[in-house]
Amino acid sequence: MSAFVVAATAALQEVPLVNAYIDDATNEIVYRDYCDISVAVASPKGLVTPILRNTELMSFADVEHNIAAYVQKAKNGTLSLDDMTGGTFTISNGGVFGSLMGTPIINLPQSAVLGMHATKMRAVVNEKGEVVARPMMYLALTYDHRLIDGREGVTFLKSIAEKVSDPSKLLLDV
C-alpha cells in the first residue's frame, strides 16, 4: 500500500486539480497544498478510511508505520473521529478481498478515489511480441466530473500506474 500512497501523493502534486474540491458555499475551486490521503483498512465491522496526514512529507517507512498503526487501531476499535475526519484523496483496496473490478465511491468533499483490485497472473504481449504471464492489477479512478475532466483523470491514473510499475523512481525521487 505504501507504494500506492507515495505514487498517489506525487501524482496529486503533478495534477493538483485531483487534490482540489468545490466549495459548495462559494462554488469556487479550492486547491490544497498538502496531501492527506485516506487509506482503507479492515476493521471487525468493515472497511474504514483513516487519514495519513501530509503524505508529501512522508517516506515509504513513514507511510508503512502509520498504516500499521491504523490497522492496529482498527482491529482494536480505537480509531478516533479525528483519525477519520478530513482527507483530500482516498485509496481503497478491495483487491485484498478478491475484487477484480469495481467502482469506488467518492467521499465528498474529496474529488476522487482510487480503487485497487486483486493482482492476478494474466497473459500479456511483451516488447518482443511474445505472450508471457505477468502479474496484473486493475486500478479504477472515480472522480467528480464537475471538477476533473477525462484528460486530468487519465493523466493522474497513468502517473500512478507508471510510478508503481517502477518503484525505484519513487525511491530515488526521479
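Residues numbered from 1 in each chain as written. Predicted model: local features only at pLDDT ≥ 70, side-chain atom pairs only at ≥ 80, totals over all residues. Heavy atoms only, no water.

K.L.:
Before we go on, may I ask you to explain the overall build of the protein chain in this structure?
P.N.:
Broken down by element type, the protein chain carries 5 helices and 9 strands. Along its sequence from the N terminus, the protein chain presents helices and strands in the succession α-β-β-β-β-β-β-α-α-β-β-β-α-α. Taking 16 Å as the expected radius of gyration for a compact globule of 174 residues, we find that the protein chain reaches 17 Å, a close match to that expectation. Per-residue burial over the protein chain gives 41% buried out of 174 residues. Of the contacts formed within the protein chain by residues at least 6 apart in sequence, a portion of 55% connects residues at least 24 apart. In the structure as shown, the protein chain presents an accessible area of about 9,800 Å², 56% of it carried by carbon and sulfur atoms. Seen as two clouds, the 14 positive and the 19 negative side-chain charges of the protein chain have centres 9 Å apart. (Helix = DSSP H or I, 4+ residues; strand = E, 2+ residues; numbered from the N terminus. Rg over C-alpha atoms; globule rule 2.2 N^0.38 Å. Buried < 20%, exposed > 50% of the residue type's maximum accessible area, 1.4 Å probe, protein only. Contact = heavy atoms within 4.5 Å. Areas by Shrake-Rupley, 256 points an atom, 1.4 Å probe, with all protein chains shown as cover. Lys, Arg positive; Asp, Glu negative; His and termini not counted. Charge placed at Lys NZ, Arg CZ, Asp CG, Glu CD.)

K.L.:
Help me out: how do you make sense of the packing of helix 1 (residues 2-14) against helix 4 (residues 150-165) in this one?
P.N.:
Packed helix pairs are characterised by how far apart their axes lie and by the angle those axes make with each other. For the pair helix 1 and helix 4, the least separation of the axes is 9 Å and the interaxial angle reads 140°. Between helix 1 and helix 4, the angle falls in the class oblique. The way helix 1 lies across helix 4 gives a crossing that is right-handed. Residue-level contacts link A3, F4, A7, A8, A10, A11, L12 and E14 of helix 1 to F156, S159, I160, K163 and V164 of helix 4. Taken together, the residues that form the contact of helix 1 with helix 4 break down as 10 nonpolar, 1 polar and 2 charged. (Axes fitted to C-alpha atoms, helices over the stretch in contact; angles between N-to-C directions. Parallel < 35°, antiparallel > 145°, perpendicular 65-115°, else oblique. Left-handed = near helix turned anticlockwise from the far one by under 90°. Nonpolar A, V, L, I, M, F, W, Y, C, P; charged D, E, K, R; others polar.)

K.L.:
Got a minute to help me understand the nonpolar core in this structure?
P.N.:
One recurring pattern in soluble globular proteins: nonpolar side chains tend to sit buried together. In this structure, F89, I91 and F156 are the most contacted members of the largest nonpolar core, which totals 31 residues. Where this core is concerned, the elements lending two or more residues are helix 1, strand 3 (37-39), helix 2 (60-76), strand 7 (89-93), strand 8 (112-125) and helix 4. Looking at this core element by element, the count peaks at 7 residues for helix 1. Setting aside anything within four residues of it in sequence, one finds F89 in contact with A8, L12, V18, D36, I37, S38, Q110, A112, V113, L114, L141 and F156. (Core = buried A, V, L, I, M, F, W, Y, C linked by side-chain atoms within 4.5 Å.)

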